[in-house]
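Coordinates in review
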Amino acid sequence: MKKLVIYIIFIILLFFLIPMIFTTRFNNTKETISESYENKNVLEEIVNNVHKDENKYNYKKYKTIKLLHTDTGKIEKVNLDEYICNVVSAEMPVSYEIEALKAQAVVARTYTLYKIKSKKHKNADICDDFGCCQAWISKKDRYKRWKNDKDKKWDKIKKAVYDTKGKVITYKGKVINAFFHSNSGGATEKPLYVWGGEGYPYLQSVETIGEDNYEEYLSEVIISKSNFVKKMKSKYKKFKINWKEKDCIKINSYTEGKRVKNIKIGNKTLTGVEVRSIFSLKSAKFNVQIGKNNIKFKVTGYGHGVGMSQTGSNTLAKSGKNYVDIIKHYYKDVKVEDAN
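Structural notes, computed from the coordinates.

Calculation criteria
Residues numbered from 1 in each chain as written. Predicted model: local features only at pLDDT ≥ 70, side-chain atom pairs only at ≥ 80, totals over all residues. Heavy atoms only, no water. Pairing = 2+ DSSP bridges. Helix = DSSP H or I, 4+ residues; strand = E, 2+ residues; numbered from the N terminus. Axes fitted to C-alpha atoms, helices over the stretch in contact; angles between N-to-C directions. 1 Å grid on protein atoms, 1.4 Å probe; cavity = no way out; pocket = protein on both sides within 12 Å on 5 of 7 lines; lining within 4 Å. Points joined across faces, edges and corners; volume = space filled by probe spheres on them. Nonpolar A, V, L, I, M, F, W, Y, C, P; charged D, E, K, R; others polar. Phe/Tyr/Trp six-rings, centres within 6.5 Å; stacked < 30°, edge-to-face > 60°. Buried < 20%, exposed > 50% of the residue type's maximum accessible area, 1.4 Å probe, protein only. Lys NZ or Arg CZ within 6 Å of the ring centre and 35° of its normal. Arc of directions from axis to C-beta. Parallel < 35°, antiparallel > 145°, perpendicular 65-115°, else oblique. Left-handed = near helix turned anticlockwise from the far one by under 90°. Contact = heavy atoms within 4.5 Å. Salt bridge = Lys/Arg side-chain N within 4 Å of Asp/Glu carboxyl O.

1. Thoughts on the sheet that holds strand S9 (residues 260–265)
If you trace the three strands from one edge of the open sheet to the other, you get S8-S9-S10, paired in antiparallel fashion. Strand pairing shows two members of the sheet lacking a second neighbour, strand S8 (249–254) and strand S10 (268–270), which therefore form its edges. Taken pair by pair, the neighbouring strands of this sheet meet at an average axis angle of 20 degrees, ignoring direction. Note that S8 and S9 share five bridges and pair antiparallel. Within S9, the residue paired with Ile-251 across the bridge is Ile-263.

Structure representation (C-alpha cells):
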C-alpha cells in the first residue's frame, strides 16, 4: 500500500513538472531567436544610417564653383564634385587603385577650396590650366581618349569622388595648400627648395617606396654642347664655360629630398630648379654626364616633388593603405574632415 502511494505521488509530480520544463526551454529559445533578430535589426540600422550620412552630406558653402576655361576665357558655374570628377580623371590614371583615386579626390577638393580662398582669379574661383591651378578635362573629351569600358571607368572615378564627398585636408583648422605631383623619385621635397620661403609646416620631405616601377621614374635629356651654351645664354647673357676644365659642371649640394640644391655651370651658380626650367627636365633630381659633343641629364622623378606623389600613393594603396593613411603619409600633422 505504501509503495502504491509513492508511485501515485511520483506520477502527479511528473504531470506538473514536464510542462514547466518544456515551457522554460521554449521561452529560452524564443528569447535567443528574438535577441538574434533584434541584433540583426540594429546592425542593419547602423549600416543604413552610415550610408544615409554619406549620401546626405550637403555643402553649406561650396555646392558650386566658377571655373575659368582658359582656351575660351569663358567662366562656367559647375557643381563642385562634378568638377572634382573631371579633375581626378585628368590628373590620375583610372587604372590606379581606388584608395589612391580617393586620396587624389580629397587632395583636389582641398586644393580647389584653398584656391577659392586665395582669390587668384578675378571673376572665377579656379581655372582649368594645370600650370596655374590643376588639370581639368570634360567628360566628353575623357570618353574620347578611353578606348573601352568607358562607363565603368567613369563610375570608378565617381566612386572615388562621392565616397569622399565633403572631405578636405586641414592643418590647425584651416584648409591646406595641397600640392601634388607625378613621381617623387623616392622622396618628396620641402617647398623651401622649390619656391623659397617657409609657411608650410605640413609639407616636409618624406620617403616613398616603389616609385621605380613606374615609367615616370627615369628620363634622359641629351643636348649638344652648342645648344647647351645657347640655352644658358638665353638666361644669362654673360655665361661662359670652358669644356676642358675638369669641374666645368659640378653639383655642390643637395636638398633634403635629394634633389640638386646648388650647381656650378661654367661661371654661373644655379639652383637645381633653375636648371630644370632652362633645360626642360622632368625633375630637379638629376646628374650630369659630359660627353665629347653632348651633355646628358639623367633625371629621376617627375614634377616639383612637393606634397603627394601620385605614383607613390598608388604604391601605398597596393600595400593596403586607405586614402586617409596615404594623405597623412604625405602631409604631416593634418586632419581629414568635412569641409564645413
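2. Things to note about the layout of surface pockets
A volume near 890 Å³ is recorded for the largest pocket. Along the wall of the largest pocket there are 28 residues; nearest its centre are Glu-91, Phe-130, Gly-131, Phe-180 and His-181. Elements with a minimum of two residues in the lining of the largest pocket: helix H2 (80–91), helix H4 (139–145) and strand S6 (180–181). In terms of residue class, the lining of the largest pocket is made up of 15 nonpolar, seven polar and six charged. Volume-wise, the second largest pocket comes out at about 230 Å³. Taken together, Glu-76, Val-78, Asn-79, Glu-82, Tyr-83, Cys-85, Asn-86, Trp-136, Lys-139, Trp-154, Lys-158 and Tyr-162 form the lining of the second largest pocket. Taken together, the elements giving at least two residues each to the lining of the second largest pocket come down to strand S2 (75–79), H2 and helix H5 (150–162). When residues in the lining of the second largest pocket are grouped by element, the largest group, four residues, is from H2. Its residues assigned to classes, the lining of the second largest pocket comprises six nonpolar, two polar and four charged.

3. Some points on the packing of aromatic side chains
Applying the stated criterion across every chain, the model contains 14 aromatic pairs. Measuring from centroid to centroid gives 5.5 Å for Tyr-171 and Tyr-202, while their planes differ by 50 degrees, and the two rings are tilted. Of this pair, Tyr-171 sits in strand S4 (residues 167–171) while Tyr-202 sits in the loop between S6 and strand S7 (218–224), and the two are 31 residues apart along the sequence. Overall, the relative accessible area of 19% leaves Tyr-171 in the buried class. For Tyr-202, a relative accessible area of 6% puts it in the buried group. Taken together, the aromatic side chains of Tyr-171, Phe-179, Trp-195, Tyr-200 and Tyr-202 make up a single cluster linked through ring pairs. Here Lys-282 stacks its cationic end above the ring of Tyr-302, 4.8 Å away from the centre of that ring.

4. Focus: helix H6 (residues 225–235)
Residues of H6 that are buried include every one of Lys-225, Phe-228 and Met-232, and no others. Buried residues of H6, viewed axially, fall in a sector of 55 degrees; they line one side. Exposed and facing more than 90 degrees away from the buried side of H6 are Ser-226, Lys-230 and Ser-234.

5. Quick look at the packing of helix H3 (residues 98–118) against helix H9 (residues 323–330)
It is the contact of H3 with H9, at a shortest axis distance of 8 Å, that shows an interaxial angle of 60 degrees. Taken together, the axis directions place H3 and H9 in an arrangement best described as oblique. When you trace H3 past H9, the crossing you get is right-handed. Facing Glu-99, Ala-100, Lys-102, Ala-103 and Val-106 of H3, the residues of H9 in contact are Tyr-323, Ile-326 and Ile-327.

6. A short note on the pattern of salt bridges
Here the structure, examined in full by the defined rule, presents eight salt bridges. Of the charged contacts in the structure, one is a salt bridge between Asp-163 and Lys-102, with a shortest N-O distance of 3.8 Å. Here Asp-163 is found in the loop between H5 and S4, whereas its partner Lys-102 is found in helix H3, with 61 residues between them in sequence. Overall, Asp-163 belongs to the partly exposed group, its relative accessible area being 33%. We note a salt bridge from Lys-190 to Glu-256, for which the minimum N-O separation is 3.5 Å. Pair noted here: Lys-190 is in the loop between S6 and S7 and Glu-256 is in the loop between S8 and S9, with a separation of 66 residues, a long-range link. The class of Lys-190 is buried, set by a relative accessible area of 15%.

Just distances and angles here, no functional claims.
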